[in-house]
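One letter stands for each residue in the lines below.
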Amino acid sequence: MLFYQNSENGWQYILFYFDENIAKLEYMKNIPFFGTPEDLAKVYGIFMDVFEKDDIRTFGLGKVELRISLSGESKEMLISVKNEDGEESYFNLTRRQVDMLFGN
(Lines give C-alpha, C1' and ligand atoms only; values in the text may rest on other atoms or scores of the structure.)
Protein backbone atom coordinates (compact mmCIF):
# COMPACT_ATOMS: atom_id res chain seq x y z
CA MET A 1 0.00 0.00 0.00
CA LEU A 2 1.27 3.47 -0.84
CA PHE A 3 0.04 6.36 1.30
CA TYR A 4 0.80 9.98 0.44
CA GLN A 5 0.00 13.43 1.72
CA ASN A 6 1.10 16.99 1.10
CA SER A 7 2.95 18.25 4.19
CA GLU A 8 4.85 21.40 5.08
CA ASN A 9 8.03 19.64 3.86
CA GLY A 10 6.51 18.67 0.50
CA TRP A 11 4.91 15.40 -0.55
CA GLN A 12 5.40 12.63 1.97
CA TYR A 13 5.05 9.07 0.70
CA ILE A 14 4.91 5.96 2.88
CA LEU A 15 5.22 2.54 1.29
CA PHE A 16 3.76 -0.16 3.57
CA TYR A 17 4.66 -3.83 3.16
CA PHE A 18 4.57 -7.18 4.96
CA ASP A 19 8.03 -8.59 5.69
CA GLU A 20 8.15 -12.08 4.18
CA ASN A 21 10.64 -13.09 6.92
CA ILE A 22 7.92 -12.76 9.57
CA ALA A 23 4.98 -15.14 9.57
CA LYS A 24 2.57 -12.75 11.33
CA LEU A 25 0.40 -10.94 8.80
CA GLU A 26 -0.38 -8.13 11.22
CA TYR A 27 3.30 -7.09 11.31
CA MET A 28 3.59 -4.36 8.69
CA LYS A 29 6.73 -2.35 7.93
CA ASN A 30 6.98 0.96 6.14
CA ILE A 31 9.37 3.07 4.09
CA PRO A 32 8.71 6.82 4.49
CA PHE A 33 10.23 9.25 2.00
CA PHE A 34 9.70 12.78 0.68
CA GLY A 35 9.57 13.70 -2.98
CA THR A 36 7.57 15.17 -5.81
CA PRO A 37 5.07 13.35 -8.01
CA GLU A 38 7.85 13.30 -10.62
CA ASP A 39 10.16 11.52 -8.14
CA LEU A 40 7.45 8.93 -7.57
CA ALA A 41 7.16 8.43 -11.34
CA LYS A 42 10.94 7.79 -11.46
CA VAL A 43 10.63 5.14 -8.75
CA TYR A 44 7.83 3.49 -10.75
CA GLY A 45 10.11 3.60 -13.80
CA ILE A 46 12.85 1.80 -11.89
CA PHE A 47 10.41 -0.92 -10.83
CA MET A 48 9.19 -1.34 -14.41
CA ASP A 49 12.76 -1.50 -15.78
CA VAL A 50 13.30 -4.59 -13.66
CA PHE A 51 10.31 -6.29 -15.30
CA GLU A 52 11.07 -5.14 -18.84
CA LYS A 53 14.84 -5.70 -18.84
CA ASP A 54 15.08 -8.54 -16.29
CA ASP A 55 17.47 -6.20 -14.53
CA ILE A 56 18.70 -5.91 -10.95
CA ARG A 57 18.48 -2.41 -9.51
CA THR A 58 19.74 -1.02 -6.21
CA PHE A 59 18.85 2.47 -5.03
CA GLY A 60 18.16 4.53 -1.94
CA LEU A 61 14.63 5.44 -0.97
CA GLY A 62 14.19 7.51 2.16
CA LYS A 63 16.53 6.00 4.75
CA VAL A 64 16.64 2.50 3.26
CA GLU A 65 18.37 0.77 0.37
CA LEU A 66 16.21 -1.24 -2.01
CA ARG A 67 17.50 -4.08 -4.17
CA ILE A 68 14.99 -5.16 -6.79
CA SER A 69 15.23 -8.25 -8.98
CA LEU A 70 12.98 -10.84 -10.58
CA SER A 71 12.55 -14.01 -8.58
CA GLY A 72 12.96 -17.02 -10.86
CA GLU A 73 10.44 -18.25 -13.38
CA SER A 74 7.46 -16.72 -11.59
CA LYS A 75 8.28 -13.22 -12.85
CA GLU A 76 7.51 -11.84 -9.44
CA MET A 77 9.64 -8.99 -8.26
CA LEU A 78 11.70 -9.56 -5.13
CA ILE A 79 12.29 -6.32 -3.20
CA SER A 80 14.98 -6.51 -0.51
CA VAL A 81 14.98 -3.68 2.03
CA LYS A 82 18.06 -2.82 4.07
CA ASN A 83 17.63 -0.15 6.74
CA GLU A 84 20.25 2.08 8.37
CA ASP A 85 20.88 -0.47 11.13
CA GLY A 86 21.67 -3.19 8.59
CA GLU A 87 18.39 -5.04 9.27
CA GLU A 88 17.05 -6.68 6.13
CA SER A 89 13.55 -7.62 5.11
CA TYR A 90 11.89 -8.42 1.81
CA PHE A 91 8.60 -8.62 -0.02
CA ASN A 92 7.34 -9.72 -3.44
CA LEU A 93 5.19 -7.94 -6.00
CA THR A 94 3.76 -8.94 -9.35
CA ARG A 95 3.71 -6.54 -12.29
CA ARG A 96 -0.01 -6.00 -11.74
CA GLN A 97 0.58 -5.18 -8.06
CA VAL A 98 3.28 -2.64 -9.00
CA ASP A 99 0.88 -0.98 -11.45
CA MET A 100 -1.84 -0.84 -8.79
CA LEU A 101 0.57 0.43 -6.14
CA PHE A 102 1.58 3.39 -8.29
CA GLY A 103 -1.94 4.02 -9.63
CA ASN A 104 -1.35 2.84 -13.20
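Everything below is about the structure printed above this text.
It should be emphasised that the depicted structure is a prediction, and the values quoted were computed from it without experimental measurement.

The rules we used
- Residues numbered from 1 in each chain as written.
- Predicted model: local features only at pLDDT ≥ 70, side-chain atom pairs only at ≥ 80, totals over all residues.
- Heavy atoms only, no water.
- Pairing = 2+ DSSP bridges.
- Helix = DSSP H or I, 4+ residues; strand = E, 2+ residues; numbered from the N terminus.
- Axes fitted to C-alpha atoms, helices over the stretch in contact; angles between N-to-C directions.
- Contact = heavy atoms within 4.5 Å.
- Salt bridge = Lys/Arg side-chain N within 4 Å of Asp/Glu carboxyl O.
- Buried < 20%, exposed > 50% of the residue type's maximum accessible area, 1.4 Å probe, protein only.

Novice: Talk me through the sheet that holds strand 6 (residues 76–82); I want residue IDs and the actual numbers.
Specialist: Spatially, four strands are ordered 4-5-6-7 in an open sheet, and the strand pairing comes out antiparallel. The sheet is open, and its two edges are formed by strand 4 (57–61) and strand 7 (88–93), each paired on a single side. Averaged over all neighbouring strand pairs, the angle between strand axes comes to 25°, with direction disregarded. Examined bridge by bridge, strand 5 (residues 64–71) and strand 6 share seven bridges and lie antiparallel to one another. Across the sheet, the residue bridging to Leu66 is Val81, located in strand 6. Here helix 1 (residues 37–53) sits on the sheet and contacts strand 4, strand 5, strand 6 and strand 7; the angle it forms with strand 4, its principal contact strand, is near 165°.

Novice: Quick one: what's the story with the pattern of salt bridges, residue by residue and with numbers?
Specialist: Scanning all chains against the criterion turns up five salt bridges. A salt bridge links Asp19 to Lys29; its shortest N-O distance comes to 3.3 Å. A residue pair is termed long-range when its members are at least 10 positions apart, and Asp19 in the loop between strand 2 (10–18) and strand 3 (28–35) and Lys29 in strand 3 qualify at 10 residues. Each of the two residues, Asp19 as well as Lys29, counts as buried. Across the pair Glu87 and Lys29 runs a salt bridge whose closest N-O atoms are separated by 2.7 Å. Of this pair, Glu87 sits in the loop between strand 6 and strand 7 while Lys29 is found in strand 3, placing the two residues 58 residues apart along the sequence. Glu87 gets classed as partly exposed once you look at its relative accessible area, which sits at 41%. Note on Lys29: relative accessible area 12%, which makes it buried. One network of salt bridges, with partners in common, ties together Asp19, Lys29 and Glu87.

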